Amino acid sequence: MTRLNVNATRMELSRLKARLKTATRGHKLLKDKSDEMVRRFIVLAKENRTLRREVERELIGALNGFVIAKALMPSPVLEEVLCVTDSDFKIDVSTRNIMGVEAPVFSVDDGVAYKSLSYGFASVASDFDESVETLSNVFVKLLKLAEIEKTCNMLAIEIEKNRRRVNALEFVMIPQLEETIKYITMKLDENERGNLTRLMKVKTMINGK
C-alpha cells in the first residue's frame, strides 16, 4: 500500500494517528448504517412484492370485468358511463427520514374511496359495477406501492454510495494511514537511535580526554 507523502515528524505522527482514529470510527458507523439500510431495504422489498402481487391480481380482475362489460354493453353507453364521476380527492406528499434518505410518503383523503355509483343501473352490466368498485379501492394501494418502490430505489442508490465510502475507507484511506504511521514511527526510532549513538560517541570522546 502506498504511503502518504508527509514529513516524518512527531507532530505529523500525532495528526495522522488522530485521522486514523477518526477514519476507523467513521468506517464502523458507515458499516453499521449500511447494514441497517440493507435490513430495511429487505423488509420494504418483501412488502413491495406482496403488495404488487395483490394489486396486479385486483387490476386483472377489474380489467376482465371491463372486457365482459364491453361485450355486453353498447359502446356509446359504456363511454358515457366512463365519463361520469363524483369523486373528489387530493394527494398529500410528504417525506420521512430513513437512515438519512428522504423517502416520499403519499396520503389521500377519503374522497377517493369507493362510496356509491353515480350512474344509472338499467343499461350497465354488473361486471362493470364490480370493476369500478375494484379500481376505486385499489387506487390507494397503487399509491402505497408507488411510495414503497420509490423508497426502495432511493435506498438502493444510497446503499451503493455508502458501500463505496466504506470500501474507500477500508481498502484505501485506513491502510494508507497505517502504512504512513508505521513509516514515520520507524523513521523517528531510527533518528532517535542515531542521536543516541552520536551522544555516546561524544561522551566517549569527552571521557577519553
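Each chain has its residues counted from 1, following the order in which its sequence is written. In keeping with the predicted nature of the model, local features appear solely for residues at pLDDT of at least 70, side-chain atom pairs appear and are counted solely at 80 or more, and the whole-chain, interface and lining totals rest on all residues. By convention in this description, side-chain values take in all heavy atoms of the structure and omit both hydrogens and water.

1. Describing the overall build of the protein chain
Next, step 1: For the protein chain, the count of helices and strands is 3 helices and 2 strands.
Next, step 2: Exposure is judged per residue with a 1.4 Å probe applied to protein chains only, and the accessible area is read against the type maximum: over 50% gives exposed, under 20% gives buried, and values in between give partly exposed. Taken over 209 residues, the protein chain has a buried fraction of 25%.
Next, step 3: Surface accessibility follows the Shrake-Rupley procedure with a 1.4 Å probe radius. Residue values consider only the protein chains on display as shielding. As displayed, the protein chain offers around 14,200 Å² of accessible surface, 57% of which is attributable to carbon and sulfur atoms. Labels follow the DSSP assignment, with helices taken as runs of H or I lasting at least four residues and strands as runs of E lasting at least two, numbered in each case from the N terminus.

2. Brief notes about the side chain of T151
Next, step 1: One can find T151 in helix α3 (residues 126-208).
Next, step 2: Throughout, a residue-residue contact means that at least one pair of heavy atoms, one from each residue, lies within 4.5 Å. T151 has contacts with L44, I98, A103 and P104, leaving out every residue within four places of it along the chain.

3. Structural notes on the packing of aromatic side chains
Next, step 1: By convention, a stacked pair of Phe, Tyr or Trp rings (six-membered ring in the case of Trp) has centres within 6.5 Å and planes under 30 degrees apart, an edge-to-face pair has planes over 60 apart, and any other such pair is tilted. If you walk through the whole model with that rule in mind, you get 0 aromatic pairs.
Next, step 2: For a lysine, the NZ atom is tested; for an arginine, the CZ atom; a charge sits over a ring if that atom is within 6 Å of the ring centre and within 35 degrees of the ring normal. Here the basic side chain of R3 rests over the ring of Y183, its NZ or CZ set 3.6 Å away from the ring centre.

4. Details of the pairing of strand β1 (residues 91-98)
As a general feature of sheets, a regular strand has side chains that alternate between the two faces.
Next, step 1: Where β1 meets strand β2 (residues 101-108), 8 bridges bridge the pair, whose relative direction is antiparallel. Looking at the pairing, I98 lines up with V101 of β2. By definition, two strands form a pair when at least two bridges between them are found by DSSP.

5. Re the side chain of N162
Next, step 1: The topology assignment puts N162 in helix α3.
Next, step 2: If we skip the residues at most four places from it in the chain, N162 touches L30, K33, S34 and M37.

6. Points about the environment of F128
Next, step 1: Along the chain, F128 turns up in helix α3.
Next, step 2: On the accessibility criterion, F128 (1% relative accessible area) is buried.

7. So, the pattern of salt bridges
Next, step 1: Whenever Lys or Arg places a side-chain nitrogen within 4 Å of a carboxyl oxygen from Asp or Glu, that contact is recorded as a salt bridge. Tallied over the full model, the rule gives 14 salt bridges.
Next, step 2: The residue R10 makes a salt bridge to E192 at a minimum N-O spacing of 3.6 Å. One end of the pair, R10, is in helix α1 (residues 10-72); the other, E192, is in helix α3, with 182 residues separating them in the sequence.
Next, step 3: Overall, E192 belongs to the partly exposed group, its relative accessible area being 47%.

8. What to know about the environment of F41
Next, step 1: By the secondary structure assignment, F41 is in helix α1.
Next, step 2: Along the backbone, F41 and C152 are 111 residues apart, and their C-alpha atoms lie at a distance of 6.1 Å.
Next, step 3: Once you skip the residues sitting within four places of it in the chain, F41 turns out to touch C152, L155, A156 and I159.

9. Structural notes on unusual backbone geometry
Next, step 1: Unusually for a residue other than glycine, M99 sits at a positive phi of about 50 degrees.
Next, step 2: Summarising the element assignment, M99 is placed in the loop between β1 and β2.
Next, step 3: Assessed through its relative accessible area of 23%, M99 is described here as partly exposed.

10. A short note on the confidence of the model for the protein chain
Note: predicted coordinates in regions of low pLDDT should not be interpreted at a detailed level.
Next, step 1: A residue's pLDDT is the predictor's confidence in that residue, given on a scale from 0 to 100. A residue-level look at the protein chain finds 84% of positions with pLDDT of 70 or above and a mean pLDDT of 84.
Next, step 2: Confidence drops under a pLDDT of 50 for residues 111-116, and excluding neighbours within four residues, the segment shows 13 contacts in the predicted structure.

11. Side note on the environment of T22
Next, step 1: For T22, the location among the structural elements is in helix α1.
Next, step 2: Judged by relative accessible area, T22 falls into the exposed class, the value being 57%.
Next, step 3: Measuring from C-alpha to C-alpha, the distance between T22 and I174 comes to 9.8 Å, with 152 residues separating the pair along the chain.

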